[in-house]
Amino acid sequence: MKVEIDSFSGFRVYPSKGKLFVRGDSKVFRFSSSKNSSLFLQRKNPRKIAWTQVYRRMHKKGITEEVAKKRSRRTVKHQRGIVGADLATIAAKRNQTAAIRNQQRISAIAKAKTEKKEKESKKAKPARAPVASGPRVSKQQMKGGKGGR
C-alpha cells in the first residue's frame, strides 16, 4: 500500500482517497481534501496557515524528542602581544602607577626639546650669503613664453 503526501498540507493521502491535480507543465499535485485543493488554487502559502505540516515544522511545533538544547561553548579570552610589544612589556605598562608614567612623559618631552635645540643650532650656522642678482624674473618669464609681451 503506497501512501502519498498532500502537496499543500503535508498530510497522508491513502489509496483511492483525495484528488489528483495535474498542472499545465505536467507537475502532479495530490490533495487529501477539497479544503487543501481550494487553498492551493487560491495560491495561499501553506507556511502561513497554522494547521499545515510545513507551518508546524517551520515554527518548531510538536518536537518533544529534542528537549535537550545544544550547548554552546564559552569563548575563552587570550592575551596576545601586539607588533612591537610582547606580552611582558604590555603587562609591565599596565601595572605602572600614574606617577611613574608622568615622570617618563616629562623626561621624554625634555629629551625631545634638547634634540630640537641641537638641531636648530646646527641649522643656523651655515647661513648662505645673499646672491647678487639683477631684475627678478619668474620661471615662466625665463622660459620665454608668449614672446615677452
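Structure shown above.
This is a predicted model, so every value here is computed, not measured.

## Some remarks on the packing of aromatic side chains
In step 1: This structure, assessed with the given rule, holds six aromatic pairs.
In step 2: Note on F21 and F29: the rings are 6.2 Å apart at their centroids and 35° apart in plane angle, and the pair reads as tilted.
In step 3: On the accessibility criterion, F21 (28% relative accessible area) is partly exposed.
In step 4: Judged by its relative accessible area of 7%, F29 is buried.
In step 5: Members of the aromatic cluster, connected to one another through ring pairs, are F21, F29, F31 and F40.
In step 6: A cation over an aromatic ring shows up here: K35 above the ring of W51, its NZ or CZ 4.2 Å from the ring centre.

## A look at the pattern of salt bridges
In step 1: Enumeration according to the criterion identifies three salt bridges in this entry.
In step 2: Close ionic contact of K2 with E4 constitutes a salt bridge, the shortest N to O distance being 3.5 Å.
In step 3: Overall, the relative accessible area of 60% leaves K2 in the exposed class.
In step 4: With a closest N to O distance of 3.3 Å, E4 and R30 form a salt bridge. Here the residue E4 occupies a position in strand 1 (residues 4–5), and R30 occupies one in strand 4 (residues 28–31), the gap between them amounting to 26 residues.
In step 5: The exposure class assigned to R30 is partly exposed, which follows from its relative accessible area of 30%.

## Focus: a nonpolar patch on the surface
In step 1: Among the surface-exposed residues, M1, V3 and Y14 lie close enough to one another that they form a single nonpolar patch of about 340 Å² accessible area.
In step 2: Relative to the elements of secondary structure, Y14 occurs in the loop between strand 2 (12–13) and strand 3 (19–22).
In step 3: Of the residues examined, Y14 reaches a relative accessible area of 39% and is grouped as partly exposed.

## Focus on unusual backbone geometry
In step 1: Although it is not a glycine, R43 sits at a positive phi angle of roughly 60°.
In step 2: Here R43 lies in the loop between helix 1 (34–41) and helix 2 (53–58).
In step 3: Phi at K60 takes a positive value of approximately 55°, unusual for a residue other than glycine.
In step 4: Relative to the assigned elements, K60 resides in the loop between helix 2 and helix 3 (87–95).
In step 5: For K60, a relative accessible area of 65% puts it in the exposed group.

Conventions and cut-offs
Residues numbered from 1 in each chain as written. Predicted model: local features only at pLDDT ≥ 70, side-chain atom pairs only at ≥ 80, totals over all residues. Heavy atoms only, no water. Phe/Tyr/Trp six-rings, centres within 6.5 Å; stacked < 30°, edge-to-face > 60°. Buried < 20%, exposed > 50% of the residue type's maximum accessible area, 1.4 Å probe, protein only. Lys NZ or Arg CZ within 6 Å of the ring centre and 35° of its normal. Salt bridge = Lys/Arg side-chain N within 4 Å of Asp/Glu carboxyl O. Helix = DSSP H or I, 4+ residues; strand = E, 2+ residues; numbered from the N terminus. Patch = residues over 30% accessible without salt bridge, like charges linked within 9 Å, V, L, I, M, F, W, Y side chains within 5 Å. Areas by Shrake-Rupley, 256 points an atom, 1.4 Å probe, with all protein chains shown as cover.

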